[in-house]
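Observations on the model geometry
So the chains spell out like this:
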Amino acid sequence: MNERVILPYGSWSSPITAADIAKGALRLGFPSVVADEMWWEESRPEEGGRTTVMHRAADGTVTELLPAPWNARTRVHEYGGRSYLPVPRRDDKAITRWGIVFANFSDQRLYLLEKGSREPRPLTPEPESPGALRYADFVLSPDRKHLICVRESHDGTTVTRAIVSVPLSGRAATNPSAVRVLVTGADFFASPVPSPDGTKLAWISWSHPRMPWQGTQLRVADIPETGPITTSHPLRGGLKESVLHPQWRDNETLYFVSDWSGWWNLYETRLYGQAMALFPDEAEFTPPPWQLGITPYCVLDDGQLITLYGHADLGVGRYDPHTADLTPLASSFTSWHTLASDGKTVVGIAASPTEPTSLVRLNPENRATTVLRRSLTETPTIGYLPKPRTTSLSGRYGTTVHANVYPPTNPEMEGEGPAPYVVWVHGGPTGAATTGLDLHKAYFTSRGIGIIDVNYGGSTGYGRAYRERLDGQWGVVDVEDVVAAAQSLVDQGLADPDRLAIRGGSAGGFTTLLALTQDVFACGVSYYGVTDLLRLVQETHDFESRYLDTLIGVLSGYSATYQERSPINRVAEINVPVLLLQGADDPVVPPEQAREFAAVLKERGVPHVLVEFENESHGFRKPDTVATALEKELAFYCKVFFGFTPPGVPPIDLDLSAPTE
């Protein structure tokens, strides 16, 4: 075995390039399976993030169903979710041929693509303005003639939602009245599911100011022959209970996920009577509900359930209702995101620290997994991939903070002494950092810069009480936890206290900028981070427009707190270099926030760089953007930490002179 060469951290050579990361990874999501046919969404970075729908035939042939410029992406809640659904059509011989219905990104109309057809045809009417009518969370009606889904309507500044039924015949494309409104009366809806006999509909609803992880209701109603549903009754849920993902076991019984016990566990309930926990556990059985259409469990024809469960990383298991046993289905994949099944075949989206996000077929009997599609056709030599260490550390006042540590990793090189480390702060803030393979991390660790990815208080995966640590304390608890994470690395002798950085996106960018006011970090990187809470309340989209009521407080009574915790009002406390990366078309955190922050930094003489990317939204999709952002970030760290530009990376224009006091 060759001895490793000792070189300064940050100067290590690596085969993992920013360009390869940007162009090489597909985004796989929302699988479907019927018999031997499978479908899934696939987002193409080299096509500006365009999402197509892929089909895998019984013989293994893979076909792209939607060529450019079609883009299967829904904008409901802005974060979208499942954008398509396989639907059965019959030819003259009464043989079922599966087509797809999908939401097209540019106009948000629903289209039907018949099997064998080249051109989709519209199913929903053209709205008065592009994108004014949006659809998501699709399910097929039992008669197989309609699509039941959530519709989001935009009329100026007013946004309303309903559960509607869309005929697959296409008559609603020219006759808007053919879209039947089934359910109204709440601000938000999710997971509409008709009973097997088609007589009842169950769904999830909630209203401002709550978010779906705070308080929702599971409701059920008889479906009238015509017109809307006028009477429904709640089965479960409330102001302090998050109920999600209902599925019918039979015409009188529903499964669902609830955090009534403090953890998102699986439950069963009849239409009248008490709900029963299927497997009480201090574990979560669902990821956070940011997108519509996630399926964290599925029901097999034999009555058993295949379910996700765990903490930040979700594994997969088989639940037997007859014995109440949950058996882990061990596999090399450790981070599962969503499942799908036709009652026999099970597929899912999963990853591991060494396996990229993949479409996986799971055999519940022998626990075998078969990879059907990988987001990366090639992965770096395993020696360049960091092995994450999941840890719990002590935060302020003895609280527990969860994190994943990724040490500098290179099979040919090593450094001397404590390493530079970057604290990563995930977005949300109601989200979680998992350990699935992320070449963005390996890009830095293979060059000698370690990472600690923090699941600070407010993160999902650790129960409701852990999520609620952030209630009223956003900008306080999260900052305390990321500082504690950095300090723990220093105390262990792993990290150089003079070479600590912090980076985050969106809500993580907010935490990053506030953490720079502490005397801990040498620099920070904000990806489209929130800088002005008052502007965020005024400008952000409807789904999150009351999110801060819980995270900060109701604006009418807490306006001073909003100002105190806005990074734009704390710039005077920042004296270290800052890199701001921002999409010019971001509807969640408008670019003016980053521009104003940069202007104040400039006025004070604080070293900084603002990079805006045209035609980018909240989250970067274009390969050039992703590559440029990574190279800017690496050059930034090396300039601040070591005073040099790493090999193969354009230099960054950063004046490191001291800021004006």
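A brief look at the structure comes next.

Procedures and definitions
Within any chain, residue numbers begin from 1 and follow the written order of that chain's sequence. This being a predicted model, a pLDDT of at least 70 is required before a residue's local features are given, and a value of 80 or more before pairs of side-chain atoms are given or counted; all residues contribute to the totals for chains, interfaces and linings. Note: side-chain values were computed over all heavy atoms of the structure, leaving out hydrogens and water. The helix count covers DSSP runs of H or I at least four residues long, the strand count covers runs of E at least two residues long, and both are numbered beginning at the N terminus. Each residue is assigned to one of three classes by its accessible area relative to the maximum for its type, calculated with a 1.4 Å probe on protein chains only: buried under 20%, partly exposed between the two thresholds, exposed over 50%. Two strands pair under a simple rule: DSSP has to find at least two bridges between them. A 3.5 Å cut-off defines polar contacts: any pair of N or O atoms within that distance qualifies, except that in protein one atom must be a possible hydrogen donor and the other a possible acceptor, and neighbouring residues in sequence count only when both atoms are side-chain atoms. It only takes one pair of heavy atoms within 4.5 Å for two residues to be counted as in contact. Axis lines are fitted to C-alpha atoms, over the contacting stretch for helices. Their N-to-C directions set the angle, which ranges from 0 to 180 degrees. In plain words, nonpolar cores are sets of buried Ala, Val, Leu, Ile, Met, Phe, Trp, Tyr and Cys residues tied together by side-chain atoms within 4.5 Å. Put simply, angles under 35 degrees are roughly parallel, angles over 145 are roughly antiparallel, angles from 65 to 115 are roughly perpendicular, and the rest are oblique. Just so you know the grouping, Ala, Val, Leu, Ile, Met, Phe, Trp, Tyr, Cys and Pro go in nonpolar, Asp, Glu, Lys and Arg go in charged, and all remaining residues, Gly too, go in polar. Within this document, salt bridges are pairs made up of a side-chain nitrogen of Lys or Arg and a carboxyl oxygen of Asp or Glu, the two lying within 4 Å of each other.

1. Overview of unusual backbone geometry
Cis geometry is adopted by the peptide bond preceding Pro-69, which originates at Ala-68 and carries an omega value of 10 degrees. With an omega of 10 degrees, the peptide bond running from His-208 to Pro-209 counts as cis. Inspection of the secondary structure puts Pro-209 in the loop between strand E15 (200-206) and strand E16 (217-222). A positive phi angle, near 65 degrees, is found at His-77, a position not held by glycine. Note on His-77: relative accessible area 3%, which makes it buried. At Ser-506, a position not held by glycine, the phi torsion is positive, near 60 degrees. Counting through the fold element by element, Ser-506 comes out in the loop between strand E35 (495-505) and helix H5 (507-515).

2. Structural notes on the pairing of strand E34 (residues 450-455)
Consecutive side chains along a regular strand alternate between the two faces of the sheet. With 6 of 6 residues buried, E34 is to be regarded as a mostly interior element. Of the two faces of E34, both are covered, the one formed by Gly-450, Ile-452 and Val-454 as well as the one formed by Ile-451, Asp-453 and Asn-455. Here strand E31 (residues 400-406) runs beside E34; their pairing, made up of 5 bridges, is antiparallel. By the bridge assignment for E34, Asn-404 is matched with Asp-453. Taken together, the 5 bridges between strand E33 (residues 419-425) and E34 define a ladder with parallel strand orientation.

3. Description of the side chain of Thr-286
As for its position among the elements, Thr-286 is in the loop between strand E21 (276-277) and strand E22 (297-299). According to the relative accessible area criterion, Thr-286 is buried, its value standing at 3%. Side-chain polar atoms of Thr-286 contact the side chain of His-245, separated by 2.9 Å. Those residues in contact with Thr-286, other than ones at most four positions away along the chain, are Leu-244, His-245, Val-257, Trp-264, Pro-296 and Leu-314.

4. A short note on H5
Counting buried positions along H5 yields 9 of 9 residues, so the element is predominantly enclosed. Regarding H5, the residues found buried are Ala-507, Gly-508, Gly-509, Phe-510, Thr-511, Thr-512, Leu-513, Leu-514 and Ala-515.

5. Notes on the sheet that holds E16
An order of E14-E15-E16-E17 is seen for the 4 strands of this open sheet, with the pairing classed as antiparallel. Each edge of the open sheet is held by one strand with a lone partner, namely strand E14 (188-194) and strand E17 (233-237). When the angles between neighbouring strand axes are averaged without regard to direction, this sheet yields 25 degrees. Pairing geometry for E14 and E15, over 5 bridges, is antiparallel. Its bridge partner lying in E15, Phe-189 is registered against Ser-205.

6. Brief notes about the nonpolar core
Counting residues in each nonpolar core, the largest one holds 94 residues, and the members touching the most others are Val-423, Ile-452, Val-454, Trp-474, Phe-521 and Leu-533. Top element by residues in this core is helix H4 (residues 477-491). It accounts for 9 residues. The residues contacting Trp-474, other than those within four sequence positions of it, are Pro-429, Ala-507, Phe-510, Thr-511, Leu-533, Leu-548, Leu-551, Ile-552 and Arg-565. Membership of the second largest hydrophobic core comes to 43 residues, among which are Ile-449, Tyr-527, Val-626 and Val-649.

7. Considerations on the packing of H4 against H5
Close contact between H4 and H5 brings their axes to 9 Å; oriented N to C, the two are set at 70 degrees. Taken together, the axes of H4 and H5 lie roughly perpendicular to each other. Taking contact as the criterion, the partners of Asp-478, Val-479 and Val-482 in H4 are, on H5, Phe-510, Thr-511, Leu-514 and Ala-515. For the contact of H4 with H5, a count of residues per class yields 5 nonpolar, 1 polar and 1 charged.

8. Overview of the pattern of salt bridges
One pass over the structure, following the stated rule, counts 37 salt bridges. Of the charged contacts, one joins Arg-373 and Glu-42 as a salt bridge, the two residues approaching to 2.9 Å between their closest N and O atoms. Taken together, the residues span a long stretch of sequence, with Arg-373 in strand E29 (residues 369-374) and Glu-42 in strand E3 (residues 37-44) at a distance of 331 residues. On the accessibility criterion, Arg-373 (24% relative accessible area) is partly exposed. For the salt bridge of Asp-438 with Lys-441, the shortest nitrogen-to-oxygen distance reads 3.3 Å. You can call Lys-441 buried: its relative accessible area is 5%. Connected through salt bridges with shared partners, the residues Glu-42, Arg-44, Glu-47, Arg-50, Glu-64 and Arg-373 form a single ionic network.

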